[in-house]
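These are the residues of each chain, in order.
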Amino acid sequence: MTSGREAQNAHLSVWGVCKNFGDFTALDDVSFNAAKGEMLCLLGPSGCGKTTALRIVAGLEFQDAGRVFINGDDVSMRPVSKRNIGIVFQSYALFPNLTAAQNVAYGLVSSGRGRARSRERANELLALVGLPGIGGKYPAQLSGGQQQRVALARAMALSPEILLLDEPLSALDAQVRIHLRSEIKKLQRELGVTTIMVTHDQEEGLTMADRILLMRDGKVIQDAPPDKLYDQPATPFAASFLGSMNFLPALDVGDPKRVGFGRVSLAVLKSAWKKGDPGTCQLAIRPEDVVIRAPGAQDVTYAGNVLEARVASLEFRGPLYRLTLRLVDGPDDCPPLIADVSARLAGRLDLSDGAAVQAIFPVELLHVYAGGL
Amino acid sequence: MPEIVLEEREGLLSRLSGALSELMAERWMKGAFIGLIGVYLTVLVALPLYGLLSKSLYDKTGAFIGLANFTRFFSEAALFSSLSHSFFVSMTATAFALPLGFAFAYCLTRTSVPGKKVFRAMAMAPLLAPTLMHGLVLIYLFGKKGLVTKGFFGAAQALFGVSGFDIGLYGATGIIIAEALYAFPPVFLILSVALSMTDARLYEAAEALGASKFRIFRTITLPGVKFGLVSAFFVSFISSFTDFGAPKVVGGSYNVLATDIYKHVIGQQNFSMGAAVSVILLIPTALAFLANHIIQRRQSAGVAAKAVPYSPGINPARDRLAFLFCAFISLLFLVYLGVGLYASLVDVWPYKLQLGFRHYDFNATGGGGYAAYFNSLRMAFYSAVAGCVMAFGAAYVLEKFKEFPRLRQFCSQLSLLPMALPGLVIGLAYIFFFNAPGFSIEAIGLYIPNPLNGLYGTMALLVLSNLIYFHTVSFLTAGTALKQLDNEFESVSESLSAPFTRLLTRVTAPVCLPAILEIGYYFFVRSMTTLSAVIFLYSADLPIAAVAVANMDDAGDTAPAIAMCMLIVVTNLVARLLYGFATSGLQKRTRAWTRR
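Quick notes on the rules
- Residues numbered from 1 in each chain as written.
- Chains lettered and ligands numbered in written order.
- Predicted model: local features only at pLDDT ≥ 70, side-chain atom pairs only at ≥ 80, totals over all residues.
- Heavy atoms only, no water.
- Helix = DSSP H or I, 4+ residues; strand = E, 2+ residues; numbered from the N terminus.
- Buried < 20%, exposed > 50% of the residue type's maximum accessible area, 1.4 Å probe, protein only.
- Contact = heavy atoms within 4.5 Å.
- Areas by Shrake-Rupley, 256 points an atom, 1.4 Å probe, with all protein chains shown as cover.
- Pairing = 2+ DSSP bridges.
- Axes fitted to C-alpha atoms, helices over the stretch in contact; angles between N-to-C directions.
- Phe/Tyr/Trp six-rings, centres within 6.5 Å; stacked < 30°, edge-to-face > 60°.
- Lys NZ or Arg CZ within 6 Å of the ring centre and 35° of its normal.
- Buried area = accessible area lost by both parts, 1.4 Å probe.
- Salt bridge = Lys/Arg side-chain N within 4 Å of Asp/Glu carboxyl O.
- Polar contact = N/O pair within 3.5 Å; in protein donor to acceptor, adjacent residues only side chain to side chain.
- pLDDT = per-residue confidence, 0-100.
- 1 Å grid on protein atoms, 1.4 Å probe; cavity = no way out; pocket = protein on both sides within 12 Å on 5 of 7 lines; lining within 4 Å.
- Points joined across faces, edges and corners; volume = space filled by probe spheres on them.
- Nonpolar A, V, L, I, M, F, W, Y, C, P; charged D, E, K, R; others polar.
- Core = buried A, V, L, I, M, F, W, Y, C linked by side-chain atoms within 4.5 Å.
- Disulfide = S-S within 2.5 Å.

Q: Now, about the overall build of chain B: what can you tell me, with residues and values included?
A: The secondary structure content of chain B amounts to 25 helices and four strands. A principal-axis box enclosing the C-alpha atoms of chain B has dimensions of 95 × 75 × 45 Å. When burial is assessed residue by residue, chain B has 51% of its 596 residues classed as buried. Intrachain contacts of chain B at a sequence separation of at least 6 include 78% that bridge at least 24 residues. With an accessible surface of roughly 27,100 Å², chain B has 68% of that area assigned to carbon and sulfur atoms.

Here it is in structure tokens:
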């Protein structure tokens, strides 16, 4: 996956790391790189090993096999204190009996600076994270978002090589979270610090990361920039973990450009094929990619892949309607198709339960995965 | 920012060089601390206990006799009776202490009774005195020349035409009353914690469903505290079963296990029989402790994380009833302390009722007088300081260090063991262990002279016995406080390249200071009042106040004995006040961290 040369150019490099806790395999041959200044997000459901991976990068946990390089140095066996990394924990772990400034200065004082210089630097850092003048307050006197930023300032105090963020926003309420997402991202760009963030929140990953490492059961499923991960998910899991996805049973008919779907056959791009055994396969399309037209309408944009459908139910979601459709020509075991249409279009089509529509699968947005549902 | 980055880089190489050796150094330093705790507990708990157990298999002359001591115990009625007596008095005392403690705790947690703080403090009053005093005060009330027995010096006769009333104090009756008094504070504490850990929503739901008050009590309150009740039962049983002070004073000819051990060892110099009876005392105690430990573990698992705390509303009739009950119990404790004080001041009870401090001049009596008092004071002070260090230190090392997990687990288990050991058992085990000139290991024909022999009969050994006797409770207190700290503090501190000692002194210890003070106070008070652990270990040159009380009582000097008890009570009251001031000062500081 990673060549030695590549790893030496990367700022952070993780090679073939494995970790077991008793019988449980937390990480199974995980490798990834991060370039200088890049923000990498480890994303996945709980128990996928993302936190273990972070802790191994930090040196809080030691791998059973594999190596970790920071800036070309093999730090595999170094403890956290010798890796020059900054960590922001989910709980922030701010020392309750120390003021915000004392918290930030904690590492500065032990690094052998004078007290006055440390205090000065702590105040600089607090100003940097947008909290000037709160240095004298205790953590309990700060809001969740402020605590989060104090923790960030503390982690940045020793100008670490790598910044590690463990679910940094999950303890905050939705409003603050959205605000802080862009704040942290902006700060990270400004400081140019290589950052690894762990989250189970797909939106956080999509909005903040330069690159996402999607993980499941201790393995890396896909390593790609957010837009690519969303548009070209490597596996059905990747497809369903980010956003919504329809999965429809189909048949491999031996033609790389067509699949059988119930009584009809649909065109697919050859490149949409993910390798697999012949036989059954599954079609996948995102609800927002399904095009809805009035029955009988002729549309020059979409020549093929037009399916007759009936509206089983529709749900108002503000800017759009979410339709549940029954495909007339689909296979017998075909689950209902979910499609999103803008509220405006839904009004124009005068949609209601039982209405007949055309559902079009644009060929370039249709994914095909090997294997049954 | 970028220039700061550069500045950091300069020190980087030098910081990284020698990183490995530093890593190993810290690991081995932490390992050394864990090892130290392991040695401390092995030498002071495991080895003496092993010595006691093996001693019980030998006879007076040192010949191995297997279980003969035990068969003798169970076949001779005179010996065996002490076991059934011990069971009887502990069960009966518990039967009194448990309902009273429950009612008192219920009033303070589930009603809006006024004066909760005062009542809470009053409930702890019996802990300030040695159990010897419980017996002595009972003698002044119900003994042959007691206030009640003699009808309040004839006043009852004159006023109501009733003469005195003799309850037949000496024997089981006296022991039961004293032990119930002694068990009341811990029972109250356990149950008030259990009663305050509840979810108000359960009560709201039950009321919404139209359940009657009695049904709510039966189906929600009682099941909610069932673990607390079982735990209180065991703690009360253990404290009564193992107590030595009260039976010594009011037991008369009614023998219990604790007094029997003392008689075997001090009276007949039959150490091995003393060891055998100690083992018989130890087994039910250890079983009760084990049962309690298992139950408590289940209790902590059963508490919902997001419970809504219960706050009792105002109910005048109920609150008035609660007040009457709490006031009655508190009055009993006040009378108890008041009679103690009065008896220590009266010139010649019951003939010459002039008050004075004659009995506080211990010159005419044995026991050691003020020398004994000041020795106790020193011992309690040393125990408090060393106890804080060892109990908190052990909890800190075992809770926060991640190195050497097996050794840590072994130490944690040894840390729980002392709670199952009665004071007499510790004292006797220490005689065997520290008084032995050496140990021969026959299997390999090796003789090791005892390096700790020099401790025998010193203040250091007295302090050590207290450190172990009161270790478990303090260890658990410290552990609870430490568990409340975020586990990631260590990770953060390490990631900032700070040594663990910096986190300990800057964050962990300051945040845990309330628990540390509590531990110090607990060690002080218990060391001032304990008799059973030290009675085998004091020496003639090193008299101890509680032992002096016992010896003065033996010699018939009851008034000086109770005067000495009052000195202990007053000392503990002063300690309580200091502790109160310290914690309230601390709370003011802590409030700064926690107030928004």
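Q: I'd like a description of the sheet that holds strand 4 (residues 65-70) of chain A, backed by residues and values.
A: Residues and elements named next belong to chain A. One open sheet holds the four strands; their spatial order is 2-1-4-5, and the pairing between them is antiparallel. Looking along the sheet, the strands with just one partner apiece sit at the ends: strand 2 (24-34) and strand 5 (73-74). Across seven bridges, the pairing between strand 1 (residues 12-21) and strand 2 is antiparallel. In the strand pairing of strand 2, Leu12 is matched with Ala34. Against the sheet, helix 2 (residues 50-58) touches strand 1, strand 2 and strand 4, its axis set at about 120 degrees to strand 1.

Q: Now, about the packing of aromatic side chains: what can you tell me, with residues and values included?
A: Residues and elements named next belong to chain B. Counted by the stated rule, this structure contains 47 aromatic pairs over all chains. Aromatic side chains Phe271 and Phe432 sit 6.2 Å apart centroid to centroid with 70 degrees between the ring planes, which places their arrangement in the edge-to-face category. Within this pair, whereas Phe271 is found in helix 15 (residues 271-302), its partner Phe432 is found in helix 19 (residues 423-435), the two being separated by 161 residues in sequence. Given the relative accessible area of 26%, Phe271 is considered partly exposed. Centroid distance Tyr373 to Phe374: 5.2 Å. Interplanar angle 70 degrees. Geometry classified as edge-to-face. Assessed through its relative accessible area of 47%, Phe374 is described here as partly exposed. Of the aromatic side chains, those joined through ring pairs into one cluster are Phe104, Phe119, Phe184, Phe188, Phe323, Phe325 and Phe333. The aromatic ring of Tyr310 is capped on one face by Arg110, whose charged end is 5.1 Å from the ring centroid. Geometry around Tyr521 places Arg576 over its ring, the cationic atom sitting 5.8 Å from the centre.

Q: Any details on the interface of chain A and chain B? Residues and values, ideally.
A: The interface is formed by 42 residues belonging to chain A together with 34 residues belonging to chain B. Summed over both partners, the interface of chain A with chain B buries about 3,600 Å², with 58% contributed by carbon and sulfur atoms. It is Lys82, Asn97 and Tyr106 of chain A that lose the most area in chain A upon contact with chain B, and together they represent 18% of the buried surface on that side. Linking chain A to chain B there are one salt bridge. Glu488 of chain B serves as the salt-bridge partner of Arg55 of chain A, at 3.7 Å between the closest nitrogen and oxygen. Viewed at the interface, chain B and chain A are joined by six residue pairs in polar contact (both at pLDDT 80 or more).

Q: Give a description of the sheet that holds strand 11 (residues 246-252) of chain A that names residues and reports values.
A: All names here are of chain A. Taken in spatial order, the five strands line up as 13-12-11-14-20 in an open sheet, and their pairing is antiparallel. One side of each edge strand has no neighbouring strand; the edge strands of this open sheet are strand 13 (264-267) and strand 20 (367-370). In this sheet, adjacent strand axes meet at a mean angle of 45 degrees when their direction is disregarded. Pairing of strand 14 (residues 280-285) with strand 20, which is carried by four bridges, proceeds in the antiparallel orientation.

Q: Kindly report on the side chain of Asn466 of chain B, identifying the contributing residues and their values.
A: Residue and element names in this part refer to chain B. Within the secondary structure layout, Asn466 lies in helix 20 (residues 459-469). Polar contacts involving the side chain of Asn466 include one to the side chain of Ser383, which spans 3.5 Å. When sequence neighbours within four positions are dropped, the list of residues in contact with Asn466 reads Met379, Ser383, Phe523, Ser527, Thr530 and Val534.

Q: Talk me through the pattern of salt bridges; I want residue IDs and the actual numbers.
A: Within this structure, the stated rule accounts for 21 salt bridges over all chains. Between Asp340 of chain A and Arg322 of chain A there is a salt bridge, with its nearest N and O atoms 2.9 Å apart. Of this pair, Asp340 of chain A sits in strand 18 (residues 337-342) while Arg322 of chain A sits in strand 17 (residues 320-327), and the two are 18 residues apart along the sequence. With its nearest N and O atoms 2.5 Å apart, the salt bridge here joins Asp347 of chain B to Arg358 of chain B. One end of the pair, Asp347 of chain B, is in strand 1 (residues 346-348); the other, Arg358 of chain B, is in the loop between strand 2 (352-355) and helix 17 (369-400), with eleven residues separating them in the sequence. Residues joined by salt bridges that share partners form a network here, namely Glu38, Arg211 and Asp223 of chain A.

Q: Could you give an account of the confidence of the model for chain A, naming the residues involved and the relevant values?
A: Residues and elements named next belong to chain A. Considering every residue of chain A, the mean pLDDT works out to 88; 94% of them sit at 70 or more. Within chain A, no element has a lower average pLDDT than helix 1 (residues 4-9), which sits at 51, and none a higher one than strand 3 (residues 39-43), at 96. pLDDT under 50 marks residues 1-5. Its contacts with residues more than four places away, or in other chains, come to six contacts.

Q: Run through empty space enclosed by the protein, naming residues and quoting values.
A: Residues and elements named next belong to chain B. Inspection of every chain in the model, using the stated rule, returns six cavities of 30 Å³ or more. A volume near 70 Å³ is recorded for the largest cavity. Taken together, Lys30, Tyr396, Lys400, Phe401, Glu490, Ser493, Glu494, Ala498, Pro499, Phe500 and Leu503 make up the full set of residues lining the largest cavity. When residues of the lining of the largest cavity are traced back to their parent elements, those giving at least two are helix 17, helix 22 (488-495) and helix 23 (500-529). The biggest single contributor to the lining of the largest cavity is helix 22, with three residues. When the residues that make up the lining of the largest cavity are grouped by side-chain class, the tally is six nonpolar, one polar and four charged.

Q: So what's going on with the nonpolar core? Which residues, and what values?
A: Within the largest apolar cluster, 258 residues are counted, with the highest numbers of intra-cluster contacts made by Phe32 and Ile196 of chain A. Among all residues touching Ile196 of chain A, those that are not within four sequence positions of it are Leu12, Phe32, Ala34, Leu40, Leu42, Leu54, Ile162, Leu163, Leu164 and Leu165 of chain A.

Q: Quick rundown of the state of the cysteines? Include the residues and the values.
A: Here is the idea: a disulfide is a covalent bond, and it sits between the sulfur atoms of two cysteines. Under the counting rule described, the total for this entry stands at zero disulfides over all chains. A disulfide-free cysteine, Cys334 of chain A has its sulfur positioned 13 Å from the sulfur of Cys281 of chain A, the nearest such atom.

Q: Explain the environment of Leu349 of chain A residue by residue, including any values.
A: Residue and element names in this part refer to chain A. Relative to the helices and strands, Leu349 resides in helix 10 (residues 343-349). Sequence separation between Leu349 and Ser159 is 190 residues; the distance between their C-alpha atoms is 58 Å. When neighbours within four sequence positions are excluded, Leu349 is seen to be in contact with Ile292, Arg293 and Ala294.

Q: Requested: an account of the pairing of strand 16 (residues 306-316) of chain A, with residues and values cited.
A: Every other side chain in a regular strand lies on the same face of the sheet, so the side chains alternate between the two faces. Residues and elements named next belong to chain A. Across five bridges, strand 16 lies against strand 19 (residues 356-360) in antiparallel orientation. Residue pairing in the sheet places Val306 in a bridge with Ile360 of strand 19. Looking at chain direction, strand 16 and strand 17 are connected through seven bridges and run antiparallel. Of the residues in strand 17, the one forming a bridge with Val311 is Leu325. Hairpin connection from strand 16 to strand 17: three residues lie between these consecutive antiparallel strands, with Gly318 at a positive phi of about 80 degrees.

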